[in-house]
Amino acid sequence: NAGVTQTPKFRILKIGQSMTLQCAQDMNHNYMYWYRQDPGMGLKLIYYSVGAGITDKGEVPNGYNVSRSTTEDFPLRLELAAPSQTSVYFCASSYEGLNQPQHFGDGTRLSIL
Amino acid sequence: ELKVEQNPLFLSMQEGKNYTIYCNYSTTSDRLYWYRQDPGKSLESLFVLLSNGAVKQEGRLMASLDTKARLSTLHITAAVHDLSATYFCAVDGSGNTGKLIFGQGTTLQVKP
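Right, let's walk through the structure included here. (Residues numbered from 1 in each chain as written. Chains lettered and ligands numbered in written order. Predicted model: local features only at pLDDT ≥ 70, side-chain atom pairs only at ≥ 80, totals over all residues. Heavy atoms only, no water.)

Some remarks on the overall build of chain A
The condition that has to hold: Helix numbers and strand numbers start at the N terminus; a helix is a DSSP run of H or I with at least 4 residues, a strand a run of E with at least 2. Atoms counted for the radius of gyration: C-alpha only. Globule rule: 2.2 Å times residue count to the power 0.38. Three exposure classes are used, based on accessible area relative to the maximum for each residue type with a 1.4 Å probe and protein chains only: buried under 20%, partly exposed in between, and exposed over 50%. For this analysis, residues touch if any pair of their heavy atoms sits within 4.5 Å. Under the convention used here, a 1.4 Å probe and the Shrake-Rupley method define accessible areas, while residue burial counts only the protein chains that appear. Only four residue types enter the charge count, namely Lys and Arg as positive and Asp and Glu as negative; His and the chain termini do not. We put the charge of a Lys on NZ, of an Arg on CZ, of an Asp on CG and of a Glu on CD.
When its secondary structure is counted, chain A shows 0 helices and 11 strands. Along chain A, from the amino end to the carboxyl end, the secondary structure elements read β-β-β-β-β-β-β-β-β-β-β. Taking 2.2 N^0.38 as the reference for a compact globule, 113 residues should give roughly 13 Å; the C-alpha atoms of chain A span a radius of gyration of 13 Å, in line with that estimate. Taking all 113 residues of chain A together, 47% fall into the buried category. Contacts spanning at least 24 positions in sequence make up 55% of the contacts within chain A whose residues lie at least 6 apart. Carbon and sulfur atoms make up 51% of the accessible area of chain A, which totals about 5300 Å². Computing the positive centroid from 9 side-chain charges and the negative centroid from 9, chain A places the two 10 Å apart.

Quick look at the overall build of chain B
A tally of regular secondary structure across chain B gives 0 helices and 11 strands. At 13 Å, chain B has a C-alpha radius of gyration in line with the 13 Å of a compact globule built from 112 residues. Summarising its shape, the C-alpha atoms of chain B cover approximately 40 × 30 × 20 Å along the three principal directions. Within chain B, buried positions represent 46% of all 112 residues. Residue pairs in contact within chain B that sit at least 24 positions apart in sequence constitute 53% of those at least 6 positions apart. In the structure as shown, chain B presents an accessible area of about 5400 Å², 47% of it carried by carbon and sulfur atoms.

So, the side chain of Ser87(A)
All names here are of chain A. So the rule is basically this: Two N or O atoms form a polar contact when they lie within 3.5 Å of each other; inside protein one atom must be a possible hydrogen donor and the other a possible acceptor, and for residues adjacent in sequence the pair counts only when both atoms belong to side chains.
Relative to the assigned elements, Ser87 resides in strand E9 (residues 87-94). Look at Ser87 and you get buried, because its relative accessible area is 5%. At 2.8 Å, the side chain of Ser87 and the side chain of Asp38 are in polar contact. Leave out the neighbours within four places in its chain, and Ser87 touches Arg36, Gln37, Asp38, Thr108, Arg109 and Leu110.

Things to note about the sheet that holds strand E3 (residues 19-25) of chain A
Residues and elements named next belong to chain A. What counts here: Only strands that DSSP links by at least two bridges are regarded as paired with each other. Axis definition: a line fitted to C-alpha atoms, over the contacting stretch in the case of helices. Angles run 0 to 180 degrees between N-to-C directions.
Across the sheet, 4 strands lie side by side as E1-E3-E8-E7; this open sheet has antiparallel pairing. Strands with a single pairing partner mark the edges of an open sheet, and in this sheet they are strand E1 (4-7) and strand E7 (64-66). Geometrically, the sheet is characterised by an average inter-axis angle of 20 degrees between neighbouring strands, direction not taken into account.

By themselves, these figures tell us nothing about what the structure is for.
See below:
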């Protein structure tokens with residue numbers, strides 16, 4: 001099994017550009033999450049989803065959008081990139097929200113210049 | 001607002017020594033998670049603690065949870081270099097959806 005796959009691994013954007021970070025999981029997990037990790041810090045939740053068609057905001061949703069049209073995919077969209085969005089983005093999934101650990105992808109390292 | 005605080009934030013220790021990392025959180029939660037992150041890598045699940053008094057051990061690491069004190073500990077026994085990493089605790093901030101609030105992380109450096 002591939003687990004949680006994130007693409008791209010690295011990206012440099014100019015201020016004001018848009019892009020979509022892709023996340024796919026093949027474990028049939030219902031719950032999926034997007035986090036950002038700034039240097040030397042813990043992770044902060046951006047958005048999460050408890051199933052196809054259901055999404056909700058986390059701690060730091062401003063500047064981002066998500067959709068969940070299938071169980072497998074949970075893309076994260078940046079509409080107008082800003083330098084403050086330079087970070088490492090992790091996607092995670094779990095079978096259920098509570099009693100199982102979240103499985104993380106390898107991350108996307110995003111720089112906005 | 002749920003806050004999760006770890007201490008120390010940085011720990012340098014000699015191989016063979018014991019030490020404890022502390023994770024305090026500010027509101028009631030019965031679930032606490034420990035993760036390990038190697039530099040430039042993703043997060044790996046270490047322990048899921050699901051109730052008051054839960055204790056789990058894997059190799060040289062042992063984690064415990066005291067929900068009344070809102071405290072979890074990660075104890076390292078006879079540290080080895082391979083344990084060098086950053087360790088995060090995370091608490092379920094929602095009660096039902098797995099919305100985790102992470103601590104700042106503790107970077108552990110084990111010297112030969």
